[in-house]
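Each chain, letter by letter, is given below.
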Amino acid sequence: MRQGSRGLGTLIRRYPRAGRRDVVYRHAMLQVRGRSVAWVPPLLLLIAIAVVDYHTSGEFRIISWIVLVPGIAAAICGVLGTIVFAVLSLGIFTIVDHGWPHEFQTGLPDFILVAVGGVLATLACVVRVRGENRALHMRDVADTVRRTVLRPLPPSWGGLENAGVYLTADAGARVGGDFYDIQPGPYGTRVLVGDVQGKGLGAVETAAALLGTFREAGCHEPELATVAERLEERMLRHRSYTTALGRADGDRFATAVLLGFPADADQPDPGRADAAGPGTAGPGTVEAVVFGHEPPLAVGPAGVRPLPVTGGLPLGLRELDPAPVRVHRVPLAADETLLVVTDGVTEARDAGGTFYPLAEGVARAVARDPRAAEPARLVAVVRDGTLRHSGGHLDDDTTAFAVRRIRGPGANAPKREVH
């Protein structure tokens with residue numbers, strides 16, 4: 001959402017179906033250079049009816065059509081503007097109608113029609129404005145929830161350069177079940193990206209529970225495996241809680257990728273056996289635990305490769321395989337960015353039902369411009385590619401999150417702080 005919200009205006013223009021069609025964007029459509037032009041359509045209609053009526057014959061009068069003017073104003077203007085157009089319509093009707101000979105005047109019946117139409121239009125406008133204010137209030141509440149679940153992240157934090165984009169499939173929603181976060185600590189910096197099964201407030205609640213646990217355990221636990229265990233325990237406790245409440249989502253689970261960038265990642269660790277081989281650390285390493293999620297992609301000027309970190313059940317399904325959590329330790333080049341996406345990206349379909357080829361799309365972008373491997377550019381490539389492939393129609397929440405180490409003195413020494 002940090003990256004996604006900044007580009008939302010461009011997104012809506014290029015992919016209208018992916019935009020959020022709420023009251024804010026409807027109002028934006030009626031503005032020119034920041035100024036409202038909602039008054040222009042009813043004013044033009046008012047003038048057009050008066051002019052056309054003046055140039056018609058006495059047997060064909062259309063002045064009573066002026067009752068449409070306050071009705072249109074009620075749909076796009078405020079209450080005051082609607083009242084002004086109701087009064088103007090009544091005044092113009094009286095002036096134009098009395099300009100005709102007596103035998104051609106529409107008279108009192110149409111005068112009452114225009115007056116009653118103005119009153120009803122004003123009342124309708126009051127109802128509409130109250131509904132919009134209520135919708136704006138709910139939008140503010142949803143934004144507060146969004147900032148709590150997906151807190152804004154500094155572009156460079158905990159020795160990592162990061163960028164994320166998050167789009168909800170529901171045009172009226174502000175937050176869904178996808179989540180991501182970064183937590184620096186004395187043992188390195190940890191990253192969590194995931195997707196809660198299902199939709200709605202239950203998915204948001206589950207994501208918030210997992211993120212709360214991650215922010216604490218990710219800072220204080222020295223081992224990434226312990227952080228993973230804490231996440232699994234939190235998921236099970238949350239499921240027990242929802243089951244006790246009698247809710248139907250008591251079997252909810254979540255897929256996730258947990259990454260660890262150890263503070264001493266540049267030092268060899270001959271005692272560790274992992275996905276990179278026994279005692280392999282290289283110039284830079286990353287630890288990873290996969291909970292039934294797509295493995296991250298390592299993206300660099302040299303190309304795109306998936307990390308060999310498959311395996312693992314989603315959070316909440318540990319009872320199906322109680323084996324200990326496996327932490328993969330994989331070499332990572334200094335210029336490589338780790339890209340983690342949710343299934344809103346990998347399962348995006350085109351009109352023919354073909355899935356979006358993420359790795360191929362990213363590889364083409366990096367081949368054209370090696371700078372596309374930078375986190376901010378990379379998530380923009382994924383966002384645009386997903387929306388272009390799906391024609392702007394998102395069937396699921398879509399998240400892309402990219403991180404890479406910042407090279408330099410002190411970059412790998414996070415402070416002992418809890419954020």
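Cut-offs applied
- The residue numbering used here restarts from 1 in each chain and proceeds along that chain's sequence as written.
- Reporting in this predicted model follows two pLDDT cut-offs: at least 70 for local features of residues, and 80 or more for side-chain atom pairs to be given and counted; totals over whole chains, interfaces and linings ignore these cut-offs and use all residues.
- Derived side-chain values reflect all non-hydrogen atoms in the structure, with water molecules and hydrogen atoms excluded from consideration.
- Only DSSP runs of H or I with at least four residues qualify as helices, and only runs of E with at least two residues qualify as strands; both kinds are numbered from the N terminus onward.
- With a 1.4 Å probe rolled over the protein chains alone, any residue whose accessible area is under 20% of its type maximum counts as buried; one over 50% counts as exposed, and the rest are partly exposed.
- The contact definition used throughout considers only heavy atoms, calling two residues in contact when any of these lie within 4.5 Å.
- The Shrake-Rupley method, run with a 1.4 Å probe sphere, supplies the accessible areas, and residue values consider only the shown protein chains as cover.
- UniProt positions are given in the numbering used here, feature names are shortened, and annotations may be inferred rather than shown by experiment.
- Geometry is summarised by axes, namely lines fitted to C-alpha atoms with helices restricted to the contacting stretch, and by angles between N-to-C directions that run from 0 to 180 degrees.
- If an angle is under 35 degrees, it is roughly parallel; if it is over 145, roughly antiparallel; if it lies from 65 to 115, roughly perpendicular; otherwise it is oblique.
- As a working rule, the residues Ala, Val, Leu, Ile, Met, Phe, Trp, Tyr, Cys and Pro are called nonpolar, Asp, Glu, Lys and Arg charged, and the rest polar, with Gly in that last group.
- A pair of strands is considered paired only if DSSP assigns at least 2 bridges between the two.

Turning our eyes to something else, we now look at the overall build of the protein. Helix and strand counts for the protein stand at 12 helices and 13 strands. Looking at the protein as a whole, 48% of its 419 residues qualify as buried. Expressed as a percentage of contacts within the protein between residues at least 6 apart in sequence, the contacts between residues at least 24 apart total 74%. A total of about 19,900 Å² of accessible surface is found on the protein, and carbon and sulfur atoms cover 61% of it.

Time to look at the UniProt feature "transmembrane region" (unreviewed entry) in the protein. Sequence positions flagged by UniProt for "transmembrane region" (unreviewed entry) are, in local numbering, residues 36–54, 66–96 and 108–129. In residues 66–96, the share of helix is 87% and the share of strand is 0%. The end C-alpha atoms are 11 Å apart. This span, residues 108–129, is 100% helix and 0% strand, and a straight line between its end C-alpha atoms measures 32 Å.

A word on the packing of helix α4 (residues 40–54) against helix α6 (residues 79–98). Axis separation between α4 and α6 bottoms out at 11 Å; the angle between their running directions is 10°. Taken together, the axis directions place α4 and α6 in an arrangement best described as roughly parallel. In contact with Pro42, Leu43, Leu46, Ala50 and Asp53 of α4, α6 contributes Phe85, Leu88, Ser89, Ile92 and Val96. When its residues are assigned to classes, the contact of α4 with α6 shows 8 nonpolar, 1 polar and 1 charged.

The 6 strands lie next to each other as β3-β4-β13-β12-β9-β10, forming an open sheet whose pairing is antiparallel. Where the open sheet ends on each side, the last strands, each with one partner, are β3 (156–157) and β10 (303–306). Pairing of strand β9 (residues 297–300) with strand β12 (residues 337–341) involves 3 bridges; the strand directions are antiparallel. Bridging from a neighbouring strand, Ala298 pairs with Leu338 of β12. Against the sheet, helix α11 (residues 358–368) contacts β9, β10 and β12, and its axis sits at roughly 15° relative to β9. Helix α12 (residues 375–390) rests against β4 (160–167), β9, β12 and β13 (398–405) of the sheet, and its axis sits at about 20° to β4.

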